Amino acid sequence: MSIWWSLHLRREAASVPLARRLLLGTMEKAGVDPDISYDLSVALSEACANAVEHGGRAAHPDGAHSCASPGGFQVTAYLDGDMCRIEVADSGPGFPAVGHGHGRPARTPDLDAEHGRGLCLIREIADHASFGNRPGRGGAVVSFDKILKWRTDAPLVSA
Ligand SMILES: Nc1ncnc2c1ncn2[C@@H]1O[C@H](COP(=O)(O)OP(=O)(O)O)[C@@H](O)[C@H]1O
Ligand SMILES: [Mg+2]
């Protein structure tokens with residue numbers, strides 16, 4: 001079994017639960033184990049929240065935002081056999097050159113820190129995760145994958 005879907009979402013807060021619900025719905029229909037689906041939905045939510053929060057165009061030096069900002073980001077999910085891969089790509093400034101990116105591990109956050117947990121969570125949940133920037137076009141790309149487990153009554157396992 002091999003399926004994929006792709007969404008183009010507005011860079012606004014409501015897009016986060018929308019993407020999460022769509023992933024959970026697909027996983028449920030495909031017969032994925034609910035714990036795995038939940039974990040993947042948490043990782044997806046963090047990646048989408050980052051695209052919303054950090055994936056905008058850089059502000060002009062005078063403080064105004066670029067009017068050319070396309071204001072969207074893309075979520076693509078691939079289910080291929082037992083593997084699920086999710087990619088979240090935006091058109092913002094991308095990851096800063098130092099500190100994150102290109103597969104380097106995210107720093108472990110302070111226990112009481114309000115920020116800096118999203119990338120760590122994605123890394124903990126996924127079997128493999130990478131955080132990088134799109135060459136040429138700009139924008140961040142967060143991708144992660146995980147081996148799926150299936151419910152015993154999974155409809156697509158026996159298909
Ligand atoms: N889509 C993105 N585009 C640009 N920078 C990002 C993106 N996602 C994450 N980052 C950078 O990585 C940092 C850590 O992200 P995260 O762990 O989710 O913490 P937080 O979002 O709370 O700052 C962010 O503060 C930001 O600097
Ligand atoms: Mg975050």
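Our structure is the block above this text.
A brief look at the structure comes next. Chains are numbered independently. Their residues run from 1 in the order of the written sequence. Chain letters start at A and ligand numbers start at 1, both assigned in the order the entries are written. At least 70 in pLDDT is required for a residue's local features to be given in this predicted model, at least 80 for side-chain atom pairs to be given and counted, and no such filter applies to totals for whole chains, interfaces and linings, which use all residues.

1. So, the overall build of the chain
Then step 1. Going along the chain from the N terminus, every DSSP run of H or I of four or more residues is numbered as a helix, and every run of E of two or more is numbered as a strand. The helix and strand tally for the chain stands at three helices and five strands.
Then step 2. Put simply, the chain runs from its N terminus to its C terminus through helices and strands in the order β-α-α-β-β-α-β-β.
Then step 3. Counts of 20 or more other C-beta atoms within 10 Å of a residue's own C-beta define buried residues, counts of 12 or fewer define exposed ones, and intermediate counts define partly exposed ones; C-beta atoms are placed from the backbone. The burial tally for the chain puts 31% of its 159 residues in the buried class.
Then step 4. Here contacts are defined at the residue level, using C-beta atoms placed from the backbone and a cut-off of 7 Å between them. Excluding contacts between residues fewer than 6 apart, the proportion of contacts in the chain whose partners are at least 24 apart in sequence is 67%.

2. Regarding the nonpolar core
Then step 1. By convention the nonpolar core is taken to be a set of buried residues drawn from Ala, Val, Leu, Ile, Met, Phe, Trp, Tyr and Cys and joined through C-beta atoms within 7 Å. Of all hydrophobic cores here, the largest spans 33 residues; its most connected members are Leu44, Ala47, Cys48, Val88, Ile122 and Val142.
Then step 2. Looking at this core, the element that brings in the most residues is helix H2 (residues 34–54), giving seven residues.

3. Comments concerning the site of ligand 1
Then step 1. In the region of ligand 1, 20 residues are neighbours, and Asn50, His115, Gly118, Leu119 and Ala140 sit closest.
Then step 2. At five residues, H2 tops the list of elements feeding residues into the shell around ligand 1.
Then step 3. Throughout this entry, Asp, Glu, Lys and Arg are counted as charged residues, while Ala, Val, Leu, Ile, Met, Phe, Trp, Tyr, Cys and Pro are counted as nonpolar. The remaining residues, Gly among them, count as polar. Residue composition of the shell around ligand 1, by class: seven nonpolar, nine polar and four charged. All residues are tested the same way: a C-beta atom is placed from the backbone, and lying within 6 Å of a molecule or strand makes the residue near it.

4. Looking at helix H1 (residues 15–30)
Then step 1. With 16 residues, H1 should reach 22 Å at 1.5 Å per residue; the first-to-last C-alpha distance of 23 Å fits that figure.
Then step 2. Of the residues making up H1, those classed as buried are Ser15, Val16, Ala19, Arg20, Leu23, Met27 and Ala30. The arc that holds every buried residue of H1, seen down its axis, measures 135°, which confines them to one face. For H1, the exposed residues set more than 90 degrees away from the buried face come down to Pro17, Arg21, Gly25, Glu28 and Lys29. To estimate the expected span of a helix, count its residues, drop one, and scale the result by 1.5 Å. As used here, the arc is the angular range of directions from the helix axis to the C-beta atoms.

5. Describing the sheet that holds strand E5 (residues 140–147)
Then step 1. What makes two strands pair is DSSP finding at least two bridges between them. The five strands lie next to each other as E1-E2-E3-E5-E4, forming an open sheet whose pairing is antiparallel. At either margin of the open sheet sits one strand with a lone partner, and together these are strand E1 (2–10) and strand E4 (128–133). On average, each strand axis in the sheet is inclined to that of its neighbour by 10°, with strand direction left out of account.
Then step 2. Two strands pair when backbone bridges link them, and E1 and strand E2 (residues 72–80) are joined in this way by nine bridges, in the antiparallel orientation. Directly across from Arg10, in E2, lies its bridge partner Gly72.
Then step 3. Axis definition: a line fitted to C-alpha atoms, limited for helices to the stretch in contact. Angles are taken between N-to-C directions and run from 0 to 180 degrees. Sitting on the sheet, H1 is in contact with E1 and E2, with an inclination near 165° to E1.

6. Brief notes about helix H3 (residues 118–125)
Then step 1. Here H3 has its buried residues at Gly118, Leu119 and Ile122. Across the axial projection of H3, the buried residues extend over an arc of 95°, all falling on one side.
Then step 2. Along its buried surface, H3 packs onto H2, E4 and E5.

7. Quick notes on the packing of H1 against H2
Then step 1. Where H1 meets H2, the closest approach of the two axes is 9 Å, and the angle between their N-to-C directions is 155°. In terms of orientation, H1 lies roughly antiparallel with respect to H2. In terms of crossing hand, the pair formed by H1 and H2 is right-handed. Of the residues in H2, those touching H1 at Ser15, Val16, Ala19, Arg20, Leu23, Leu24, Met27 and Glu28 are Ser37, Leu40, Ser41, Leu44, Ser45, Cys48, Ala49 and Val52.
Then step 2. Taken together, the residues of the contact of H1 with H2 break down into ten nonpolar, four polar and two charged. In this scheme, roughly parallel covers angles under 35 degrees and roughly antiparallel covers those over 145, while 65 to 115 is roughly perpendicular and the rest are oblique. By convention the crossing between two helices is left-handed if the near helix lies anticlockwise of the far one by an angle smaller than a right angle, and right-handed if it lies clockwise.

8. Things to note about the pairing of E2
Then step 1. With burial as the criterion, only one face of E2 is covered, namely that bearing Phe73, Val75, Ala77 and Leu79; the residues Gly72, Gln74, Thr76, Tyr78 and Asp80 on the opposite face remain uncovered.
Then step 2. Note: E2 against strand E3 (residues 83–90), eight bridges, orientation antiparallel. Across the sheet, the residue bridging to Gln74 is Ala89, located in E3.
Then step 3. Adjacent in sequence and paired antiparallel, E2 and E3 are bridged by two residues, among which Gly81 carries a positive phi angle near 60°.

Everything listed is a geometric property; what it means functionally is a separate question.
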